[in-house]
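Residue-level structural notes
Chain by chain, the residues run as shown.
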Amino acid sequence: MSDQWIPSGTHQTSHGSPGAFELARAGAEAQTLPELAALLRQLRRREARQQGETLLTYRQLAAKTGWSRGIIGEYFAGNILPPPERFDALIRLLGATPTEQGVLATARDRVEEGRRRPDRDHAPSGRAGVRARTGGPRTGPRIPVPRQLPPALPGFVGRAAQLAQLDAACAAAAAPGDDAVASVVMTVSGTAGVGKTTLAVNWAHRVADRFPDGQLYVDLRGFDSTGSVVTAVEAVRGFLEAFEVPPDRIPTHLPAQVGLYRSLLAGRRMLVLLDNARDADQVRPLLVGSPSCLVLVTSRNRLAGLIAAGGARPIGVDLLSTAEAWQLLARRLGPDRLAAEPQAVDEIIERCARLPLALAVLAARGAEKPAFPLAALAAELRAAPRPLDSFDGGDAGTDVHAVFSWSYRSLTPAAARLFRLIGCHPGPDIGFAAAASLAGLPRAQVPRLLAELAHSHLVTEHAPGRFGAHDLLRAYAAEQVERLEPEPARRAAIRRGLDHYLHTAHAAALLLQPGRDPVTLAAAAPGVVPEEITDLGQALAWFGVEYPVLLAAVTHAGRTGFDGHAWQLAWTLVDFLQRRGRWPDLAVAQRNALAGAQRAGDRPGQANAHRDLARVLSRLGRVNEAARSYRQALVIFAELADATGQARTHRAFGAMLDGLGRHAESLEQSERALALYRAAGHVAGEASARNAVGWAHAQLGQCGPALAHCREALALLRTTGDRHGEANTWDSLGFIHARLGDHRAAVRCFQRALGLYRRVSDRYDEADTLSRLGESRQAVGDAAGAARTWRRALGILDDLGHPDAERVRDLLARAACR
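Residues numbered from 1 in each chain as written. Predicted model: local features only at pLDDT ≥ 70, side-chain atom pairs only at ≥ 80, totals over all residues. Heavy atoms only, no water.

1. Considering the overall build of the protein
A count of helices and strands for the protein gives 37 helices and 8 strands. A buried classification covers 55% of the 818 residues belonging to the protein. Sequence-distant contacts, at least 24 apart, represent 67% of the contacts inside the protein between residues at least 6 apart. Element-wise, carbon and sulfur atoms account for 52% of the exposed surface of the protein, whose accessible area totals about 34200 Å². (Helix = DSSP H or I, 4+ residues; strand = E, 2+ residues; numbered from the N terminus. Buried < 20%, exposed > 50% of the residue type's maximum accessible area, 1.4 Å probe, protein only. Contact = heavy atoms within 4.5 Å. Areas by Shrake-Rupley, 256 points an atom, 1.4 Å probe, with all protein chains shown as cover.)

2. What to know about helix 25 (residues 563-580)
One full turn of an α-helix is made of 3.6 residues, so residues set three or four places apart face in the same direction. Under the 1.5 Å per step criterion, the end-to-end length of helix 25 is 26 Å for 18 residues, consistent within 8% with the ideal 26 Å. The buried count for helix 25 comes to 16 of 18 residues, which makes it a mostly enclosed element. Following helix 25 by one or two positions, glycine 581 has its phi on the positive side, about 70°. (Expected span 1.5 Å × (residues − 1).)

3. With respect to the packing of aromatic side chains
Applying the stated criterion across every chain yields a total of 11 aromatic pairs. Centre to centre, the rings of tyrosine 408 and phenylalanine 419 are 5.9 Å apart; their planes meet at 45°, and the pair counts as tilted. Pair noted here: tyrosine 408 is in helix 18 (residues 400-408) and phenylalanine 419 is in helix 19 (residues 413-421), with a separation of 11 residues, a long-range link. The buried category is assigned to tyrosine 408, whose relative accessible area is 9%. Among the aromatic residues, those joined into a cluster by ring pairs are Trp542, Phe543, Tyr547 and Phe576. For arginine 44, the ring lying beneath its charged end belongs to phenylalanine 76, and the centroid distance is 5.2 Å. One cation-aromatic arrangement involves arginine 516 over tryptophan 571; the distance from NZ or CZ to the ring centre is 3.7 Å. (Phe/Tyr/Trp six-rings, centres within 6.5 Å; stacked < 30°, edge-to-face > 60°. Lys NZ or Arg CZ within 6 Å of the ring centre and 35° of its normal.)

4. Describing the sheet that holds strand 8 (residues 466-468)
Pairing is antiparallel across the open sheet formed by 3 strands, whose spatial order is 6-8-7. The sheet is open, and its two edges are formed by strand 6 (429-430) and strand 7 (460-463), each paired on a single side. By the bridge criterion, 3 bridges tie strand 7 to strand 8 in an arrangement that is antiparallel. Residue pairing across strands places alanine 463 opposite arginine 466, the latter belonging to strand 8. (Pairing = 2+ DSSP bridges.)

5. Regarding the pattern of salt bridges
Taken as a whole and judged by the stated rule, the model has 32 salt bridges. Between glutamate 347 and arginine 351 there is a salt bridge, with the nearest N and O atoms lying 2.9 Å from each other. Taken as a pair, glutamate 347 and arginine 351 lie in helix 15 (residues 342-351) at a separation of 4 residues, close to a single helical turn. Its relative accessible area of 34% is what places arginine 351 among the partly exposed residues. Of the charged contacts in the structure, one is a salt bridge between glutamate 546 and arginine 466, with a shortest N-O distance of 2.7 Å. Taken together, the residues span a long stretch of sequence, with glutamate 546 in helix 24 (residues 536-559) and arginine 466 in strand 8 at a distance of 80 residues. Given the relative accessible area of 3%, glutamate 546 is considered buried. One network of salt bridges, in which partners are shared, links Arg678, Glu686, Arg690 and Glu712. (Salt bridge = Lys/Arg side-chain N within 4 Å of Asp/Glu carboxyl O.)

6. A short note on the sheet that holds strand 3 (residues 271-277)
Read from one edge of the open sheet, 5 strands run 2-3-4-1-5, paired in parallel fashion. Both outer strands of the open sheet, strand 2 (215-219) and strand 5 (313-316), are each paired with one neighbouring strand and no more. Across the sheet, the mean angle separating the axes of adjacent strands is 15° when strand polarity is ignored. Pairing between strand 1 (residues 184-189) and strand 4 (residues 294-299): 6 bridges, direction parallel. In the sheet register, valine 185 faces strand 4, and the bridge partner there is valine 295. Relative to strand 4, helix 8 (residues 196-206) is tilted by about 160°, and along the sheet it contacts strand 1, strand 3 and strand 4. Contacting strand 2 and strand 3, helix 9 (residues 232-242) crosses the sheet at an angle of about 145° to strand 2. (Axes fitted to C-alpha atoms, helices over the stretch in contact; angles between N-to-C directions.)

7. Focus on the packing of helix 19 against helix 21 (residues 446-455)
The contact between helix 19 and helix 21 brings their axes to 9 Å, and the two run at 80°. Of the possible angle classes, the one that applies to helix 19 and helix 21 is roughly perpendicular. Residues Ala414, Ala415, Leu418 and Phe419 of helix 19 form the contact with helix 21, whose own contacting residues are Leu449, Leu450, Glu452 and Leu453. Residues that form the contact of helix 19 with helix 21 fall into these classes: 7 nonpolar, no polar and 1 charged. (Parallel < 35°, antiparallel > 145°, perpendicular 65-115°, else oblique. Nonpolar A, V, L, I, M, F, W, Y, C, P; charged D, E, K, R; others polar.)

8. Considerations on the nonpolar core
If you look at the biggest cluster of nonpolar residues, it comprises 151 residues, and the most contacted ones within it are Trp203, Leu329, Leu453 and Phe543. Excluding residues that lie within four positions of it along the chain, leucine 329 makes contacts with Gly334, Leu338, Val345, Ile348, Ile349, Leu359 and Ala363. Counting 59 residues, the second largest nonpolar core, distinct from the first, contains Ala96, Leu240, Ala256 and Leu306. (Core = buried A, V, L, I, M, F, W, Y, C linked by side-chain atoms within 4.5 Å.)

9. A closer look at the environment of aspartate 429
Of note, aspartate 429 is situated in strand 6. Discounting chain neighbours no more than four positions away, the residues touching aspartate 429 are His462, Arg466, Phe467, Gly468, Tyr501 and Val549.

10. Focus on the environment of valine 549
Relative to the elements of secondary structure, valine 549 occurs in helix 24. Distance in space between the C-alpha atoms of valine 549 and glycine 427 is 5.7 Å, their sequence separation being 122 residues. Ignoring anything within four residues of it in the chain, the contact list for valine 549 reads His425, Pro426, Gly427, Pro428, Asp429, Arg466 and Tyr501.

11. Observations regarding the environment of alanine 522
Mapped onto the elements, alanine 522 comes out in the loop between helix 23 (487-512) and helix 24. Here alanine 522 falls in the exposed class, since its relative accessible area comes to 56%. Put simply, alanine 522 and histidine 503 are 19 residues apart on the chain and 9.3 Å apart in space, counted from C-alpha to C-alpha.

12. Observations regarding the pairing of strand 1
With 6 of 6 residues buried, strand 1 is to be regarded as a mostly interior element. What you see with strand 1 is no split at all: Val184, Met186 and Val188 on one side and Val185, Thr187 and Ser189 on the other are buried throughout. Strand direction decides the pairing type here: strand 1 and strand 5, joined by 4 bridges, are parallel. Bridged to serine 189 within strand 5 is glycine 316.

13. Some details on the side chain of glutamine 606
Mapped onto the fold, glutamine 606 is located in helix 27 (residues 603-619). Here alanine 597 takes part through its backbone oxygen, which lies 3.4 Å from a polar atom of the side chain of glutamine 606. Ignoring anything within four residues of it in the chain, the contact list for glutamine 606 reads Leu594, Ala597, Gln598, Gly601 and Ile636. (Polar contact = N/O pair within 3.5 Å; in protein donor to acceptor, adjacent residues only side chain to side chain.)

Note that every value here comes from positions in space, so none of it alone points to a role or purpose.
Shown next, in the form of C-alpha cells:
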C-alpha cells in the first residue's frame, strides 16, 4: 500500500471536527473495540472535511489498499480489530499525525490485549505500539502456530520431476517483508487415484521447517461421494479457529472472514494446503495475499482459472512408471516376495494400469495374505468379470470404482455421455473427428466436451488433439455405457466409430497405393464424420497416428460382431504396415480378419484375408503356411471369377518364391498375373506385373527381356501416379544394370528409387535398395560411400527388427577387412 499522503498537523478543524490533540487524548482513553472504531470514523470524517470532499467510500479505500470493501466495513463498524500492519496503514491513510499514530497504535494494542485476556488489566506502556518510525518495536500478543498437516501417507515413491517443480516454487516464496514478490500458488492435478494427495502431503512434510509460522490444511472434499463439499465459509472458519480466534470475533459474512484470515497470515511464512478442490471458485477465497506464504492446491480438475487469471503454477501427476510401480509394491510386500515372482508382478502392474490407488489396494490384499503367491493375485485380476471388481479396498476412499464415479458425476450430461461412449471405442486414443462420429455429434461440439473430460482428468490430451485414458478408466467407461445406454444405442455407437475409421482408412490406403483395387464399402452410418484426406502426405500422416487404433479396431470389430469391418479394416492396413516393417502386427490383424470373414461367410473377405495373411507369413519366414494361404486365396478368387484378385495373388505368390530363390517358379506366377491384368485392362496391375516379370528374368540372367519389361512398366506407371510402383521399377532397373556390370547406371537408378521410397515412407524397401546401392558403390571403388550406405540400411533394418540386418552387417564386416 502506498504512503503518498500528507498527514494532518492541525489541532483544530472546522465544523467541530476533532484536531490532533482531541484525537490523541481520546486514543489514550480508548479501551474497547467500539471505542477504537469510533476514533477511526472520526479520522475518516476529519480527513474528508480537510480535503473538502465527502467521506472516503469503502470502494475508494479498497482501491487504495487492495483490501476488500467488506473487511473495511467491518473495521469501521467495530466488528473486527485490524491487524497491526493494516491498522497503521489505515490511520496514516486517514491523515493521522505522527503523535496520533503512536497513541492510536498503543490503543489498538491495548484493545487487542484486553480482548485476548479480558480478566486482567493489561495497559501497555504508552509507546509500546509505536513502530520503527518512532524507534520502538511493536510488542503484540502471541499468535498460535497451527500444524494441521495430516500424517504423511504410505506408499509414496518416485515423482522426482514433480518434487523438483514443487521445490523450485517453494524457493520462489518471498522472505517476510518482501512485498515486491507475488504470492506463490501451485496446483497439483491428475486423474482419480493417481496419488495427488500423497505427493502433496509428503512434500509438505519435507518442507515444513521452511514455514516456521505454521501449516494449514483442509480437505475440501470436492469430489466426495456424499456430495458434502466443504464451502469456503467452512474452510475459512476452520483456519480462523486454528489461530484461536474467539467465536465472537469471527465475522458473519465471508468477505469479512476472508479479510481476517488474510490479515492473520500477512507478513508470516506459512504453507496452506488445500486438498481435493472441486474448482477454482471453491479455492479463490482461501488464497493468501502475503508473498511469504505458499498455497498448494490438489484437484482432479486442472483449475485453469487459477492458472490463467491467478498465475498459479500447474504441476501434473500422471501414472507411475513401471519401475515406480515395482518400488511401491516392494515397500508394501517386500522386495524378496517380488523378486520370487517377477512375471506375476509385471502382470499385476499392467492390470492395475500403474494407477497408485489400484496398486495400493492389491498390495493391501497381498499383505493380508503373506503366504499366498502373487500369481494368485494376478490370476484373480485376470479372471474378474469386470476389470474394476478386484479393486475394492473396503471403504469409499479406496474403492477404485467409487473414486472414479465422483469425477464422473461432476460432468455435464453431454460430456458424461461422450465419456461413456469411449467405452465403445477400441482405443488406445481418439481424435476430434472420431469422437464426433462415435457420439453422432457435429465435429464442432466435440473439442469442448473433450476439454471438459481432460479438465476432470477422465481423459488425457497426450498430444495436440489426441485424447486417451488408462485401462481402468476405460473399463469404468465401458461399465457406465453398459449400465446406462441400451443395447441398440451401444451397437450404433460402435458402428459409427468403426465406420469412421474404415471409410477414412480406405481413402487413405488408395492414396498410398493408387493401383490397388478398392473394396466395396457399405454406406457410412448417419452421424459419421470421416477425415478428409486428399493427398499422399496426409494419408501417411494419418496412418502414422491412427494405425494403433486401426489395429485395435480390427480386434474390436470381430469381438463385437462387425466381422465385415474386421477384414476390411485389416485390408486398409496392409501397405502402410508393410512399409513400416510391422509384420507381426499385420499378422495378428490378418488372422482376426480371416476369422471374421469366415464367421460371416464372406467369401471375398476370406480371399483377401488369405492373400494378405500369406504375404505377412512369407515375410515372417513361415513359407509353407504362406503357400497354403496363397493357394486358398486363388481357389476362392477363381470361384468368384475375380480376375484381378487372382492376378494380385499370383503377383504376391511370385514375390515370395523369388525370396526363396525359386526364380523360375516366380517368373511363372508373375506371367500369370500379367496375363490376367492385361485381360482385365488393369493398367496399374499390368505395370506391377511387368516389373515382376522383368525382375524374375534378371534373376535368371536374362537381362534383355528384363530391361524391356521394366522399361515398359515404367512407361505405364507414369500414367497411373503410382509412386511406389515407380520406386520398385527403378530398383529393378538398378539391379539389372548391376548385373550387366554398368554400376554407375545402377547407382543412378537406385538413387531414383530411394527418393521415391522416402516419399512414400517405405522403410523396408528403402533399406533393401540401400544395401544394393552400397554394393554398386563398392564396385566403382567408392568404399567409403558403400560403408555409409550400408550403415544407413543397417540402422533401418535394426530399427525394424528385420533378419536382413545380419546380411548387411556381414557386408560391412567384409568391407572393413579389405
